[in-house]
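# Observations on the model geometry
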Amino acid sequence: MKVVAYSFSFVMLFLLSSCSLLLTDAERQVVGQWKQVTLVSKTYMEFGADHSVANYIQVNIPMGGKALMVARGTWSLENEDLRIQYKGVPEIATEGSAKTIEAAIELIAPELNVEAMEDQEISFRCTGQKNEKLQLDGASWKPASSSEIKEMEEFRRAHSKKTEL
């Protein structure tokens, strides 16, 4: 019985580690946690070795509070074309009232409602890492830490709202 358990553990460990072995050098440069920070927002993208992606956009609301939009999907890289295919409707998490939610949508995605973003595909020109920063459409994304991503997930869990716009 122990032999079977050890064999199963070894096979699972091998399969999980082989995901990163199948990546190209260019894909390995994309995998990781990246961020861009402005005066009013923080954007984090987490690219998994399994080609999963999570995008977190957190905005400070002028009336007070914060709002977070989380979109999840898959990514692929062909030459310098990084394609992201989001799955489903992005999730909104806010501190505050319905007015805060409306203000958050205006800041995060003006002239769009969340349903319009369902299953959206976007692409970036990706030239890989330069000075330890990921270059997407000429903009530099700095490395993010696991604790920053964890903070986004904790905010999402604590403030998630079902909204109809």
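Residues numbered from 1 in each chain as written. Predicted model: local features only at pLDDT ≥ 70, side-chain atom pairs only at ≥ 80, totals over all residues. Heavy atoms only, no water.

Applying the stated criterion across every chain, the model contains ten salt bridges. The salt bridge involving Glu91 is made with Arg156; its shortest N-O contact spans 3.3 Å. Within this pair, whereas Glu91 is found in strand S6 (residues 91-94), its partner Arg156 is found in helix H4 (residues 146-159), the two being separated by 65 residues in sequence. Through salt bridges that share partners, Arg72, Glu91, Glu153, Arg156 and Arg157 make up one connected network. (Salt bridge = Lys/Arg side-chain N within 4 Å of Asp/Glu carboxyl O. Helix = DSSP H or I, 4+ residues; strand = E, 2+ residues; numbered from the N terminus.)

In this section: the side chain of Gln33. Within the fold, Gln33 resides in strand S1 (residues 32-37). Separated by 2.7 Å, the side chains of Gln33 and Glu46 make a polar contact. There is a polar contact of 3.3 Å between the side chain of Gln33 and the backbone nitrogen of Ser146. Dropping the residues within four chain positions of it, Gln33 is found in contact with Met45, Glu46, Lys142, Pro143, Ala144, Ser145, Ser146 and Ile149. (Polar contact = N/O pair within 3.5 Å; in protein donor to acceptor, adjacent residues only side chain to side chain. Contact = heavy atoms within 4.5 Å.)

Counting 16 residues, the largest nonpolar core has Phe47 and Leu82 as its most contacted members. For this core, the elements supplying multiple residues, two or more each, are strand S2 (41-47), strand S4 (66-78), strand S5 (81-86), strand S7 (121-130) and strand S8 (133-136). Not counting chain neighbours up to four residues away, the residues in contact with Phe47 comprise Val30, Val31, Gly32, Trp34, Ser52, Val53, Trp75, Leu82, Ile84 and Leu134. (Core = buried A, V, L, I, M, F, W, Y, C linked by side-chain atoms within 4.5 Å. Buried < 20%, exposed > 50% of the residue type's maximum accessible area, 1.4 Å probe, protein only.)

Our next topic: unusual backbone geometry. Residues other than glycine seldom take positive phi values, yet Glu132 does so here, at roughly 60°. Residue Glu132 is classed as exposed on the basis of its relative accessible area, which comes to 63%. Not every positive phi belongs to a glycine, and Asp137 is a case in point at roughly 50°. Among the structural elements, Asp137 can be located in the loop between S8 and strand S9 (139-143).

What follows is about the environment of Lys133. Structurally, Lys133 can be placed in strand S8. Once residues lying within four places of it in the same chain are set aside, the contact partners of Lys133 are Trp34, Gly128, Ser140, Trp141 and Lys142.

Take the pairing of S2 next. For S2, a buried count of five out of seven residues is recorded, marking the element as mostly surrounded by other parts of the structure. Of the pairings in the sheet, the one linking S1 to S2 comprises six bridges and is antiparallel in character. Directly across from Trp34, in S2, lies its bridge partner Met45. Following S1, the chain reverses through three residues before pairing antiparallel with S2. Alignment of S2 against strand S3 (residues 52-60), held across seven bridges, turns out to be antiparallel. (Pairing = 2+ DSSP bridges.)

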